[in-house]
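Topology and contacts: notes
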Amino acid sequence: MKIYAVGLDPFWVMAIKDHGYTVIPCTEMPDPETVGEHVLFVVDDDPNRPAGLRETYPNADLIYAYTRRGVSGWHAVAALCAKHGVRFIRPGIGREALLDLLDSWYGETDRPGNVIGVFGVLPGVGVTRIAATIAGQITAQTAAKKVLLVGCNVYNPGWDGDTAVSLDRWKQRLTSRMLRSEDFEQALKLNGFSYVPGNFDPLAALDFTEDEAAHLLETASQAADVVVADFGSIPESAFWYFGMQSASIRIFVTQPEQVQRLKTLVKLTQSMGIEPEHLFLVANRVGPEDVSLKTLAEACSVQPLFSLPYKGNVREFVLPLAKKEQDQVQEALEPFLIAMGIRESIARKRGWF
């Protein structure tokens, strides 16, 4: 497979080549017959470009990297790319995130397999509490394994108490790629797992990059057997975007009345190359009159995981679960642990082939 690149910076060309891809830089648009069924990678700032690309190169695998930033955003351009069958890369993507995205599309390499990403549909949905509850239940199921909860939310730290470590305290380490596995020993110890809160500094929220997210999760994956990452609820966040691309397991947290917002985000993930069948759904604060988890999941073609009722004004960081709720959550998480190689399957335990 060849990648014909138009408008791509030489730094990115070299990075993609070093990653194992064959890149052919072009100073002008190549002949459609030359490209054929290979990849055409175009960098531009014209929102109308995707339609013309598909018309001119009907047989090529098209990638469009949109570069214009501003109040208009990039979601409309991503939707146009999806409409015309063009793969979309958003403005400001980092080096590691771009390479990971290419790998996800073309399957050249495998990514770390022990990161469970938790994403909120809207702020305030309870994504941090759900992530903490998942970490707590995994710890209960795997007593001998190290479980790490990492706050990757740059808009809300998810923690009100004192802490020696957090995303903003590690900003310089992330920027210079100096974070080490032993740094996680300073993390908070809660319910048997370790926790690094997200960003406390509101002025730094837009300064975090996808390269920093990649370094954080790469180091966390080496420091623990299972990493649960709280990516928050802001799709514009570099951490949210990178997490959606790189996590092994992707979990959306919603409430029953937020189904339209959920549908919007599922369409966004499709524009990133992630189909709904690869997304799992947790319904939080469900009342007796609300629709079922199965109905919510079917409405968006995602996988139902578990649901929890509204528990009132609880103060615990990890949600208190009744025995039935605990069994439900642990049963839902069991396949993840088997897929990660943390637990053996029931079939294997019984001696089945």
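**Some details on the overall build of the protein**
When helices and strands are tallied, the protein shows 13 helices and 13 strands. Since a compact globule built from 353 residues should have a radius of gyration of about 20 Å, the 21 Å found for the protein is in line with a globular shape. Referenced to the eigenvectors of the C-alpha coordinate spread, the extents of the protein come out at roughly 65 × 50 × 45 Å. When the 353 residues of the protein are sorted by exposure, 52% land in the buried category. Sequence separation of 24 or more characterises 70% of the internal contacts of the protein that already satisfy a separation of 6 or more. Total accessible area computed for the protein in this model is approximately 16,500 Å², and 50% of it derives from carbon and sulfur atoms. Here the protein contributes 34 positive and 43 negative side-chain charges, whose respective centroids are spaced 5 Å apart.

**Description of the environment of D183**
Along the polypeptide, D183 turns up in the loop between α7 (171-175) and β8 (188-190). Sequence separation of D183 and A205 is 22 residues, and the distance between their C-alpha atoms is 22 Å. Ignoring anything within four residues of it in the chain, the contact list for D183 reads W170, R173 and M178. Among the polar contacts made by the side chain of D183, one reaches the side chain of R173 at a distance of 3.1 Å. Within the structure, the side chain of D183 is placed 2.8 Å from the backbone nitrogen of R180, a separation counted as a polar contact.

**Here's the deal with helix α12 (residues 323-339)**
Every α-helix carries 3.6 residues per turn, so stepping three or four residues along brings you back to the same face. The terminal C-alpha atoms of α12 lie 25 Å apart, and with 17 residues this matches the ideal 24 Å at 1.5 Å per residue to within 8%. When α12 is considered as a whole, its buried residues turn out to be E325, V329, Q330, A332, L333, E334, F336 and L337. Positive backbone phi, approximately 80 degrees, marks G341, located one or two places after α12.

**A few points about the environment of L305**
Looking at the element boundaries, L305 is found in strand β13 (residues 303-309). For the pair L305 and L279, spaced 26 residues apart in sequence, the C-alpha to C-alpha distance is 9.5 Å. Sequence-distant contacts of L305, that is, excluding residues within four places in its chain, are made with I251, F280, L281, V282, L293, A332 and F336.

**Some thoughts on the sheet that holds strand β7 (residues 147-151)**
Taken in spatial order, the eight strands of this open sheet run β8-β9-β7-β10-β6-β11-β12-β13, and their pairing is mixed. With one partner strand each, in any of the chains shown, β8 and β13 form the two edges of the open sheet. This sheet shows a mean twist of 25 degrees between the axes of neighbouring strands, independent of strand direction. Sheet topology note: the strand β6 (residues 115-120)/strand β10 (residues 226-230) ladder contains four bridges and is parallel. Residue pairing across strands places I116 opposite V228, the latter belonging to β10. The sheet strands contacting helix α10 (residues 259-271) are β6, β11 (249-254) and β12 (279-286), and the helix crosses β11 at an angle near 160 degrees. α12 rests against β6, β11, β12 and β13 of the sheet, and its axis sits at about 155 degrees to β13.

**Comments concerning the packing of helix α5 (residues 95-106) against helix α9 (residues 238-246)**
Packing of α5 against α9 brings their axes to within 10 Å, and their N-to-C directions diverge by 30 degrees. What the angle tells us is that α5 and α9 run roughly parallel. With respect to the hand of their crossing, α5 and α9 are arranged in left-handed fashion. Contact with α5, carried on its side by E96, A97, D100 and L101, involves F242, Q245 and S246 of α9 and no other residues of that element. In terms of residue class, the contact of α5 with α9 is made up of three nonpolar, two polar and two charged.

**A few points about the pattern of salt bridges**
Here the structure, examined in full by the defined rule, presents 10 salt bridges. Residues R90 and E210 are paired through a salt bridge, measuring 2.6 Å at the closest nitrogen-oxygen approach. You can see R90 sitting in the loop between β5 (87-89) and α5 and its partner E210 sitting in helix α8 (residues 210-223), a full 120 residues away along the chain. Note on E210: relative accessible area 0%, which makes it buried.

**Thoughts on the nonpolar core**
Counting 87 residues, the largest nonpolar core has I16, F41, F184, L216 and F252 as its most contacted members. When neighbours within four sequence positions are excluded, I16 is seen to be in contact with I3, L8, Y21, V23, F41, L98, L99 and L102.

Conventions and cut-offs
Residues numbered from 1 in each chain as written. Predicted model: local features only at pLDDT ≥ 70, side-chain atom pairs only at ≥ 80, totals over all residues. Heavy atoms only, no water. Helix = DSSP H or I, 4+ residues; strand = E, 2+ residues; numbered from the N terminus. Rg over C-alpha atoms; globule rule 2.2 N^0.38 Å. Buried < 20%, exposed > 50% of the residue type's maximum accessible area, 1.4 Å probe, protein only. Contact = heavy atoms within 4.5 Å. Areas by Shrake-Rupley, 256 points an atom, 1.4 Å probe, with all protein chains shown as cover. Lys, Arg positive; Asp, Glu negative; His and termini not counted. Charge placed at Lys NZ, Arg CZ, Asp CG, Glu CD. Polar contact = N/O pair within 3.5 Å; in protein donor to acceptor, adjacent residues only side chain to side chain. Expected span 1.5 Å × (residues − 1). Pairing = 2+ DSSP bridges. Axes fitted to C-alpha atoms, helices over the stretch in contact; angles between N-to-C directions. Parallel < 35°, antiparallel > 145°, perpendicular 65-115°, else oblique. Left-handed = near helix turned anticlockwise from the far one by under 90°. Nonpolar A, V, L, I, M, F, W, Y, C, P; charged D, E, K, R; others polar. Salt bridge = Lys/Arg side-chain N within 4 Å of Asp/Glu carboxyl O. Core = buried A, V, L, I, M, F, W, Y, C linked by side-chain atoms within 4.5 Å.

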